[in-house]
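# Chain and residue survey
Here are the chains, one letter per residue:
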Amino acid sequence: MRATARESRTWWRPWGCESMHDVTAARQIARTVLQAAEQQGAGRVEKVRIVLGAMQMIDPEQLEFWLEQILRGSAGEGAEIEIRRNPLTVRCRACGWEGELEVPDDPIYHLMPWIPECPACRAEELQVLGGDELTVESIRVREAEGADEDA
Amino acid sequence: MPDEADNGYDIVIDVDLSKRTSELADRNLELLDEHGVRAIDVLGSVGSGKTTLINGLIDQLKPRMSIAVIAGDITTRIDAERIEVQGVPVVQIQTGGACHLDGEIVRRGMQRLDLDAIDLLIVENVGNLICPAAFPIGAHKRLLVLSVTEGPYMAVKHPIMVRQADVAVINKIDLAEAMRVDVDRLMADVRQVNPEIEVVTTVARDGEGIADVVAALGL
């Protein structure tokens, strides 16, 4: 039986490592979110806003799935997960070209480094301006129960 | 106040978690330097001989420095038990599914050790050559262990890891003939991927080549 393209792509991922990294990322996000909510004395977390750079080899759907699972039973259970993709933006150190680059969606780059070159002068010395981040931007929370009653 | 009606409000967090990986590693290095501890991150596939090599290193170095080990494993304590026999402090970290150690996990391991009492910290990473490449833990040297029993393509198939290592050990060279692996070719592959790397051959089980590893690590 022939595997479909989608299945074979999944199979290609080295030992499911990518999905484990999704879990690691989701755990860190959950911890960051819950700590911030607790520090501010907030109640339920209603929304989590995340920026996922194109250089991060993380599948947004998997990230959302794991984050939802990890937040179950916490103040963040059921929170809406908003993931904004950020394209790779670079500046060429050689000629000064600035712009967006397409990140190849090829699983081989889990094994090999992807070395992009400047579309203008072919130099490989590119400075990343954006697109390598995994940022927890902000959360939307409800006031804690106690505060509710006081109001 | 907007949204007062539903008691909802926004909390700005703005934390880039991708930078935390290297930040944590840098902080570990600072802490180690403060306490005068050298740290070696040992990387290699399951069965490459990491634990046996670490035991060999401890044997040689124990008379002149005090050593502690942090051993990472997905679920078992086998490695820690093998090293504890040597009488050095061992912290076993079961990553519970994660395929690599990271700066935070290693920091927690370090907290369970008396850093002032040790000169050398050996960290045995999880047996895998792909994911640990993306997670620096904060070590002074990265020691890569390849063995001929893994076949002839280990170096070319893991270029990112090879490029990040300072010293590469080709282990189990006594089995090279049986495995039909050309050790010189494997060494050349390693050097082609990383011209800066030091390559050493060993039969760790018999203690062969351990002194060369010690020298290559500058210990």
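Structure report, in brief. All residue numbers refer to position in the chain's written sequence, counted from 1. Chains carry letters from A onward and ligands carry numbers from 1 onward, assigned in written order. Where totals are concerned, whole chains, interfaces and linings use all residues; where local detail is concerned, this predicted model gives features only for residues with pLDDT of at least 70, and gives and counts side-chain atom pairs only at 80 or more.

### With respect to the overall build of chain B
What counts is decided by this rule: Numbering of helices and strands runs from the N terminus; a helix is a DSSP stretch of H or I covering at least four residues, while a strand is a stretch of E covering at least two.
Across its full length, chain B holds nine helices and eight strands. With the C-alpha coordinates aligned to their principal axes, the bounding extent of chain B is approximately 75 × 40 × 30 Å.

### Here's the deal with the overall build of chain A
Applied cut-off: Partly exposed residues are those falling between the two cut-offs: more than 12 but fewer than 20 other C-beta atoms within 10 Å of their own, whereas 20 or more means buried and 12 or fewer means exposed, with C-beta atoms placed from the backbone. The contact criterion used is a C-beta to C-beta distance within 7 Å, with each C-beta placed from the backbone.
For chain A, the count of helices and strands is four helices and six strands. Mapped from its N terminus to its C terminus, chain A presents α and β elements in the order α-α-β-α-β-β-β-β-β-α. With 151 residues in all, chain A has 25% of them scored as buried. Sequence-distant contacts, at least 24 apart, represent 80% of the contacts inside chain A between residues at least 6 apart.

### Observations concerning the sheet that holds strand β2 (residues 80–86) of chain A
Short version of the rule: In this analysis, strands are considered paired if DSSP registers two or more bridges between them. Axis lines are fitted to C-alpha atoms, over the contacting stretch for helices. Their N-to-C directions set the angle, which ranges from 0 to 180 degrees.
Taken in spatial order, the four strands of this open sheet run β2(A)-β1(A)-β6(A)-β1(B), and their pairing is mixed. In this open sheet, the two edge strands, each paired with only one partner strand, are β2 of chain A together with β1 (8–16) of chain B. For this sheet, the mean angle separating the axes of adjacent strands, direction not counted, is 20 degrees. Here strand β1 (residues 42–53) of chain A pairs with strand β6 (residues 134–143) of chain A via eight bridges, running antiparallel. Considered in β6(A), the bridge of A:I50 is made with A:V136. Contacts between helix α3 (residues 60–71) of chain A and the sheet are confined to β1 and β2 of chain A, with β2(A) contributing the most and set at about 150 degrees to the helix. Against the sheet, helix α1 (residues 17–34) of chain B contacts β6 of chain A together with β1 of chain B, and its axis sits at roughly 45 degrees relative to β1(B).

### Regarding the interface of chain B and chain A
Facing 20 residues of chain B, the contacting portion of chain A comprises 31 residues. At the level of elements, β1, α1 and α6 (159–164) of chain B are the ones that each hand at least two residues to the side of chain B that touches chain A. Per-element tally for the side of chain B that touches chain A: the top contributor is β1(B), with nine residues. Note that β6(A) and β1(B) share seven bridges and pair antiparallel. Among the inter-strand pairings, A:T135 is bridged to a residue of β1(B), identified as B:D16.

### Section: the sheet that holds strand β4 (residues 98–101) of chain A
Residue and element names in this part refer to chain A. What the three strands build is an open sheet, ordered β4-β3-β5; its pairing is antiparallel. Where the open sheet ends on each side, the last strands, each with one partner, are β4 and β5 (126–130). On average, each strand axis in the sheet is tilted by 40 degrees relative to the strand beside it, whichever way the strands run. The sheet contact formed by strand β3 (residues 88–92) and β5 spans four bridges and is antiparallel.

### Some points on helix α4 (residues 103–111) of chain B
Residue and element names in this part refer to chain B. Formally: By construction, the arc corresponds to the directions joining the helix axis to the C-beta atoms.
Residues G103, I105, V106, G109 and M110 constitute the buried set of α4. For α4, the arc enclosing every buried residue in end-on projection is 160 degrees, short of the 170-degree limit, so these residues lie on one face. α4 presents R108 and Q111 as exposed residues on the side facing more than 90 degrees away from its buried surface. Among the structural elements, α1, β3 (67–73), β4 (90–94) and β5 (120–124) are those in contact with the buried residues of α4.

### A short note on the nonpolar core
Under the convention used in this document: To form a nonpolar core, buried Ala, Val, Leu, Ile, Met, Phe, Trp, Tyr and Cys residues must be joined through C-beta atoms within 7 Å.
Counting 62 residues, the largest nonpolar core has B:I122, B:V123, B:L144, B:A168 and B:V169 as its most contacted members. Top contributing element to this core by residue count: β3(B), with five residues. Not counting chain neighbours up to four residues away, the residues in contact with B:I122 comprise B:I40, B:V42, B:I54, B:L57, B:I67 and B:V69. Of all hydrophobic cores here, the second largest spans 22 residues; its members include A:I50, A:L52, A:L71 and A:I139.

### Considering the packing of α1(B) against α4(B)
Between two packed helices, what matters for the description is the angle formed by their axes and the separation of those axes. All names here are of chain B. Basically, it comes down to this: Convention used here: angles under 35 degrees read as roughly parallel, angles over 145 as roughly antiparallel, angles from 65 to 115 as roughly perpendicular, and any remaining angle as oblique. We call Asp, Glu, Lys and Arg charged. Ala, Val, Leu, Ile, Met, Phe, Trp, Tyr, Cys and Pro are nonpolar, and the rest, Gly among them, are polar.
α4 packs onto α1 with a crossing angle of 25 degrees between their chain directions and a minimal axis gap of 8 Å. With respect to their mutual orientation, α1 and α4 come out roughly parallel. Packed against α1, whose contacting residues are T21, L24, A25, N28 and L31, the element α4 presents G103, E104, V106, R107 and M110 at the interface. Its residues placed into classes, the contact of α1 with α4 shows five nonpolar, three polar and two charged.

Treat this as a map of the structure, not an account of what it does.
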